[in-house]
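Here are the chains, one letter per residue:
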Amino acid sequence: MSKFDHLWNRVGRLRKEMAVRGLDGVLLTDVERYGWENVFYLSGFRGSSAAVLITDDDAVLSTDSRYVSQAAEQTPFRVLVQSKQQTIFDMIEEMLRRHSVRRCGFEGETLSYGTYRRLSSFSVIWEDTDGMIPAIRRTKDDLEISTIVKACRIASDAYERALKDVSVGMTELEFSKCLEGHIVSLGGEGGWPDHRFIVASGARSALPHGTASDKKLAKGEWVTVDFGAAYGGYMSDLTRNFSLGEVSDPEFLEIHSLLEEAHRAGAEAIAPGKTGREVDFVARSIIDRAGYGDFFGHGLGHGLGVEIHESPRLSPRSAEILSPGDVVTVEPGVYIPERGGLRLEDDYLVTEDGHRRLSCDLPQDFRILPL
């Protein structure tokens with residue numbers, strides 16, 4: 001069994017889609033750090049400059065001389081190295097010509113307008129296959145699942161260590177960097193590559209996306225921490241809550257208990273054949289009945305993989321149907337303006353007969369830390 005079998009399986013799934021659409025090839029680019037996720041997913045390559053062409057009978061990766069050794073280690077694809085006189089666009093044109101590609105797919109969502117203009121000058125009929133590869137990426141294989149589990153475990157252990165370091169007067173940003181440092185020390189690649197951790201304390205916790213600031217953590221305030229680890233190119237996504245000393249507003253402990261109930265119910269609703277809106281409704285109804293519905297403004301969850309936000313979505317608008325291999329978050333929250341908020345998040349795999357929690361190492365309870 002080859003260490004690259006999982007990549008060839010993914011290429012095989014893509015080729016089936018190509019045949020359905022009548023494509024001679026599919027081009028993936030990482031010219032401006034847009035589209036690296038699809039390049040990595042199919043080829044295994046994690047450099048910062050690459051173009052990949054998949055045809056019926058070949059898979060080629062072009063990069064520059066900086067990444068020759070890295071490409072040889074990371075991808076089973078045939079590697080073409082551009083010379084000092086060539087640009088990545090010269091190599092793309094050469095690959096298309098060598099393979100006689102006439103009708104080629106590209107992922108429009110990850111292609112900049114500048115790159116598209118350059119590609120449009122080539123003698124190729126371009127077809128936007130936007131969403132085709134992300135749809136393939138939805139179904140996680142065993143290697144992906146085990147990698148996400150490892151990312152969850154690293155994040156969980158890092159959070160436990162960070163709680164031992166936190167103190168009154170530490171800033172939200174200092175806590176965020178402390179947490180990320182523990183992630184790296186435990187073998188992670190760091191936090192999310194394109195997003196900052198959310199560390200929001202006291203009244204700032206009413207901001208669902210309240211990224212860490214220079215606000216100091218205070219006695220009696222609760223702190224909402226939305227974080228995760230990158231590991232092996234995959235992400236984990238967790239949210240937990242704690243306070244330094246007894247909580248000054250006991251209502252928020254009641255809200256946390258409500259979120260635990262809503263979270264459990266939403267997670268239990270995850271199963272093949274369910275739509276994103278059906279799962280969302282189960283958790284949202286509990287929050288609505290408790291009188292906090294107006295303070296839960298976002299969807300219940302989202303897909304997770306090489307990106308922190310992927311398909312499918314769990315939201316009131318989502319008609320996407322869950323299927324085995326999907327990995328989704330469940331993250332109900334309540335946010336009261338000028339007072340504060342809480343969220344509770346874990347990661348789940350959709351299985352043949354239901355679901356499995358992947359982030360199972362970290363207790364969900366509200367942590368009241370001693371001063």
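Structure: above.
Being a predicted model, the structure only gives us computed values, none of them experimental. (Residues numbered from 1 in each chain as written. Predicted model: local features only at pLDDT ≥ 70, side-chain atom pairs only at ≥ 80, totals over all residues. Heavy atoms only, no water.)

### Digging into the overall build of the chain
Moving on, step 1. Each helix and strand in the chain was counted, giving 10 helices and 19 strands.
Moving on, step 2. Here the C-alpha atoms of the chain give a radius of gyration of 23 Å, agreeing with the 21 Å that 2.2 N^0.38 yields for 371 residues.
Moving on, step 3. Counting only C-alpha atoms, the chain reaches 70 × 40 × 40 Å along its principal axes.
Moving on, step 4. With 371 residues in all, the chain has 56% of them scored as buried.
Moving on, step 5. If you sum the accessible surface of the chain, you get close to 15,900 Å²; carbon and sulfur atoms cover 50% of it.
Moving on, step 6. On the chain, the mean spot of the 43 positive side-chain charges and the mean spot of the 58 negative ones are 3 Å from each other. (Helix = DSSP H or I, 4+ residues; strand = E, 2+ residues; numbered from the N terminus. Rg over C-alpha atoms; globule rule 2.2 N^0.38 Å. Buried < 20%, exposed > 50% of the residue type's maximum accessible area, 1.4 Å probe, protein only. Areas by Shrake-Rupley, 256 points an atom, 1.4 Å probe, with all protein chains shown as cover. Lys, Arg positive; Asp, Glu negative; His and termini not counted. Charge placed at Lys NZ, Arg CZ, Asp CG, Glu CD.)

### Some points on the packing of helix α7 (residues 142-165) against helix α8 (residues 172-185)
Moving on, step 1. For the pair α7 and α8, interaxial distance at closest approach is 8 Å and the crossing angle is 130°. Viewed along their axes, α7 and α8 adopt a mutual orientation that is oblique. Like other packed secondary-structure pairs, α7 and α8 cross with a definite hand, here right-handed. Contact with α7, carried on its side by Ile-154, Ala-158, Tyr-159, Arg-161, Ala-162, Leu-163 and Asp-165, involves Phe-175, Cys-178, Leu-179, His-182, Ile-183 and Ser-185 of α8 and no other residues of that element.
Moving on, step 2. For the contact of α7 with α8, a count of residues per class yields nine nonpolar, two polar and two charged. (Axes fitted to C-alpha atoms, helices over the stretch in contact; angles between N-to-C directions. Parallel < 35°, antiparallel > 145°, perpendicular 65-115°, else oblique. Left-handed = near helix turned anticlockwise from the far one by under 90°. Contact = heavy atoms within 4.5 Å. Nonpolar A, V, L, I, M, F, W, Y, C, P; charged D, E, K, R; others polar.)

### A short note on the packing of helix α1 (residues 5-21) against helix α2 (residues 36-43)
Moving on, step 1. The interhelical angle for the contact between α1 and α2, taken along N-to-C directions, is 115°, at an axis separation of 7 Å. It follows that α1 is roughly perpendicular to α2 by the angle criterion. Between α1 and α2, the contacting residues are Leu-7, Arg-10, Val-11, Arg-13 and Leu-14 on the first element and Tyr-41, Leu-42 and Ser-43 on the second.
Moving on, step 2. Along the lines of polarity and charge, the residues of the contact of α1 with α2 split into five nonpolar, one polar and two charged.

### Comments concerning the sheet that holds strand β11 (residues 238-244)
Moving on, step 1. Ordered in space as β7-β8-β11-β19, the four strands form an open sheet in which the pairing is mixed. The open sheet has two edge strands, β7 (198-201) and β19 (367-369), and neither has a second partner. Direction aside, neighbouring strands of the sheet carry axes that sit 20° apart on average.
Moving on, step 2. Note: strand β8 (residues 222-227) against β11, six bridges, orientation antiparallel. (Pairing = 2+ DSSP bridges.)

### What about unusual backbone geometry?
Moving on, step 1. Residue Pro-312 is bonded to the preceding Ser-311 through a cis peptide linkage, with omega at 5°.
Moving on, step 2. Structurally, Pro-312 can be placed in strand β13 (residues 310-314).
Moving on, step 3. The phi dihedral of Ser-100 falls on the positive side, at around 50°, and the residue is not glycine.
Moving on, step 4. By the secondary structure assignment, Ser-100 is in the loop between α4 (88-98) and β5 (103-106).
Moving on, step 5. Classification of Ser-100 as partly exposed rests on a relative accessible area of 46%.
Moving on, step 6. The phi dihedral of Glu-338 falls on the positive side, at around 70°, and the residue is not glycine.

### Looking at the sheet that holds β5
Sheet strands pair by backbone hydrogen bonding; their relative direction is either parallel or antiparallel.
Moving on, step 1. If you walk across this open sheet you meet the six strands as β4-β3-β2-β1-β5-β6, and the pairing is mixed. Each edge of the open sheet is held by one strand with a lone partner, namely β4 (78-81) and β6 (125-128). Strand-to-strand twist of the sheet, defined as the mean angle between neighbouring strand axes without regard to direction, takes the value 25°.
Moving on, step 2. Summarising the sheet, β5 and β6 pair through four bridges and their orientation is parallel. Paired with Cys-104 across the bridge in β6 is Trp-126.

### Topic: the nonpolar core
Moving on, step 1. Formed by 62 residues in total, the largest nonpolar core has its most connected members in Leu-14, Phe-175, Leu-179, Val-225, Phe-227 and Phe-242.
Moving on, step 2. It is α7 that contributes the most residues to this core, 10 residues altogether.
Moving on, step 3. Contacts of Val-225, omitting those with residues within four sequence positions, involve Tyr-159, Phe-175, Leu-179, Ile-198, Val-199, Leu-238, Thr-239, Arg-240 and Phe-242.
Moving on, step 4. By size, the runner-up hydrophobic cluster in this structure holds 29 residues, among which are Ile-270, Leu-300, Leu-344 and Val-350. (Core = buried A, V, L, I, M, F, W, Y, C linked by side-chain atoms within 4.5 Å.)

### Here's the deal with the state of the cysteines
Moving on, step 1. Per the counting criterion, the structure on display carries zero disulfides.
Moving on, step 2. No disulfide involves Cys-152; its sulfur sits 8.2 Å from that of Cys-360, the nearest cysteine.
Moving on, step 3. The closest cysteine sulfur to the non-disulfide-bonded Cys-178 is located on Cys-152, 20 Å from its own sulfur. (Disulfide = S-S within 2.5 Å.)

### Examining the pattern of salt bridges
Pairing of side chains with opposite charge becomes possible as their charged atoms draw close.
Moving on, step 1. As enumerated under the stated definition, the model contains 24 salt bridges in all.
Moving on, step 2. With a shortest N-O distance of 2.4 Å, Glu-127 and Arg-103 are connected by a salt bridge. With Glu-127 in strand β6 and Arg-103 in strand β5, this pair connects stretches of sequence that are 24 residues apart.
Moving on, step 3. Look at Arg-103 and you get partly exposed, because its relative accessible area is 29%. (Salt bridge = Lys/Arg side-chain N within 4 Å of Asp/Glu carboxyl O.)

### Examining the side chain of Ser-243
Moving on, step 1. Mapped onto the secondary structure, Ser-243 falls in strand β11.
Moving on, step 2. Reaching out from Ser-243, the side chain makes a polar contact with the backbone oxygen of Gly-245 at a distance of 2.7 Å.
Moving on, step 3. Apart from the residues lying within four places of it in its own chain, the contact partners of Ser-243 are Glu-221, Trp-222, Phe-366, Arg-367, Ile-368 and Leu-369. (Polar contact = N/O pair within 3.5 Å; in protein donor to acceptor, adjacent residues only side chain to side chain.)

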